[in-house]
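# Results of the structural survey
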Amino acid sequence: MVSSDKIVSWLKLMRLQFYSMPLVVYTLGALIFYRINNFFLFKNFFIGYLIIFLIELETVLTNEYYDFEADKLNKNPTRFTGGSRMLVENKISIKEVKYSIAVVFLIIILLSAYLLKITSFSNEVYFLLFIGIILCISYTAPPLKLSYRGFGELNVAFIHGFYVTTCGYVFQKSILDAPIILIVGISIFFSSLAGVSLAGLPDLESDRLVSKKSLASI
């Protein structure tokens, strides 16, 4: 039986504070679809958001794993920076995180296959799923390690500004035929970029110690 302390530790490691923004912008994309086309596919919406949620979770898990050394050095952790501290405080093991990364990735693949089926194997849906998986893993994980090369904040802003909004629309209709989605994404992109860039300031010292090139450190 899993202890209550272990459950709380896993919930902290998941960092649920990051999931509200993707939900809002994903729903915005789906509502734009409904406004234009006057119908709504609840199954597509639900399965699509579950994939988005798990992609976000996979990003958090890989970040916890690959940022472990930087998190240990971080003297100014906040609610949004410095990791969950669950690995640093030894409340969850490295082995457990590695296992969870593999399990979540498998579930993403299975759900993606199902979404492709109900969207008639749309090329646009396939492309969005592929891009989402690559960007989530590559945020911290090698070989790209975007957050270590000065592209981490741009990655986050792109995901929230354009990617998730577009998914909300395309997962409904299987095609992107509304330029307004991209226009809406511009304002979300820049507001997200400003927020995530400022959030990097508390990590400045620890990032430099591990040669992590955030926009703040650059």
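Now for a description of the structure that goes with this document.

Reading guide: rules and limits
- Residues numbered from 1 in each chain as written.
- Predicted model: local features only at pLDDT ≥ 70, side-chain atom pairs only at ≥ 80, totals over all residues.
- Heavy atoms only, no water.
- Phe/Tyr/Trp six-rings, centres within 6.5 Å; stacked < 30°, edge-to-face > 60°.
- Helix = DSSP H or I, 4+ residues; strand = E, 2+ residues; numbered from the N terminus.
- Buried < 20%, exposed > 50% of the residue type's maximum accessible area, 1.4 Å probe, protein only.
- Disulfide = S-S within 2.5 Å.
- Arc of directions from axis to C-beta.
- Contact = heavy atoms within 4.5 Å.
- Axes fitted to C-alpha atoms, helices over the stretch in contact; angles between N-to-C directions.
- Parallel < 35°, antiparallel > 145°, perpendicular 65-115°, else oblique.
- Left-handed = near helix turned anticlockwise from the far one by under 90°.
- Nonpolar A, V, L, I, M, F, W, Y, C, P; charged D, E, K, R; others polar.
- Expected span 1.5 Å × (residues − 1).

Turning to the packing of aromatic side chains, a few remarks are in order. What the rule picks out here adds up to 14 aromatic pairs. Aromatic pair Phe33 and Tyr169: ring centres 5.5 Å apart, planes at 80°, arrangement edge-to-face. You can see Phe33 sitting in helix H2 (residues 20-37) and its partner Tyr169 sitting in helix H7 (residues 152-173), a full 136 residues away along the chain. With respect to burial, Phe33 and Tyr169 carry one shared label: buried.

Linking two cysteines covalently via their sulfur atoms produces the bond known as a disulfide. Tallied over the entire structure, the rule returns zero disulfides. Looking at Cys167, it has no disulfide partner, and the nearest cysteine sulfur is the one in Cys136, 12 Å off. Accessibility expressed as a relative area gives 0% for Cys167, which makes it buried.

With that settled, consider helix H1 (residues 4-14). For H1, the set of buried residues is Ser9, Leu13 and Met14. Buried residues of H1, seen end-on, are gathered within an arc of 140° and therefore sit on one face of the element. Lining the buried residues of H1 we find helix H3 (42-66) and helix H5 (94-118). Just past H1, the residue Arg15 takes up positive phi, approximately 55°.

Note that the residue after Pro142, namely Pro143, is joined by a cis bond; omega there is 10°. Within the element layout of this structure, Pro143 appears in the loop between helix H6 (123-138) and H7. Not every positive phi belongs to a glycine, and Arg15 is a case in point at roughly 55°. In this structure, Arg15 sits in the loop between H1 and H2. The phi dihedral of Ser174 falls on the positive side, at around 80°, and the residue is not glycine. Of note, Ser174 is situated in the loop between H7 and helix H8 (180-199). Overall, the relative accessible area of 13% leaves Ser174 in the buried class.

So, on to the side chain of Gln172. With respect to the helices and strands, Gln172 occurs in helix H7. Note on Gln172: relative accessible area 4%, which makes it buried. With residues near it in sequence (within four places) discarded, Gln172 still touches Phe33, Phe40, Leu41, Asn44 and Phe45.

Between H3 and H7, the shortest axis-to-axis distance is 8 Å and the interhelical angle comes to 155°. Considering the angle they form, H3 stands roughly antiparallel to H7. In this structure, the crossing between H3 and H7 has a hand that is right-handed. Along its contact with H3, which presents Asn44, Phe45, Gly48, Ile52, Ile55 and Glu56, the element H7 presents His160, Tyr163, Val164, Cys167, Phe171 and Gln172. Here the residues of the contact of H3 with H7 sort into seven nonpolar, four polar and one charged.

This part takes up H2. Helix length check: H2, at 18 residues, gives a terminal C-alpha distance of 26 Å against a target of 26 Å (1.5 Å per residue), a fit within 8%. The complete set of buried residues in H2 reads Pro22, Val25, Tyr26, Gly29, Ala30, Ile32, Phe33 and Asn37. Down the axis of H2, the smallest arc covering the buried residues is 150°, so these residues share one side. Opposite its buried face, H2 presents the exposed residues Val24 and Arg35, each directed more than 90 degrees away. In this structure, the buried side of H2 is in contact with H3, H7 and H8. Asn38 occupies a position one or two residues after H2 and carries a positive phi of about 65°.

Attention now moves to the environment of Phe158. Tracing the backbone shows Phe158 in helix H7. Residues Phe158 and Lys212, 54 residues apart in the sequence, show an inter-C-alpha distance of 20 Å.

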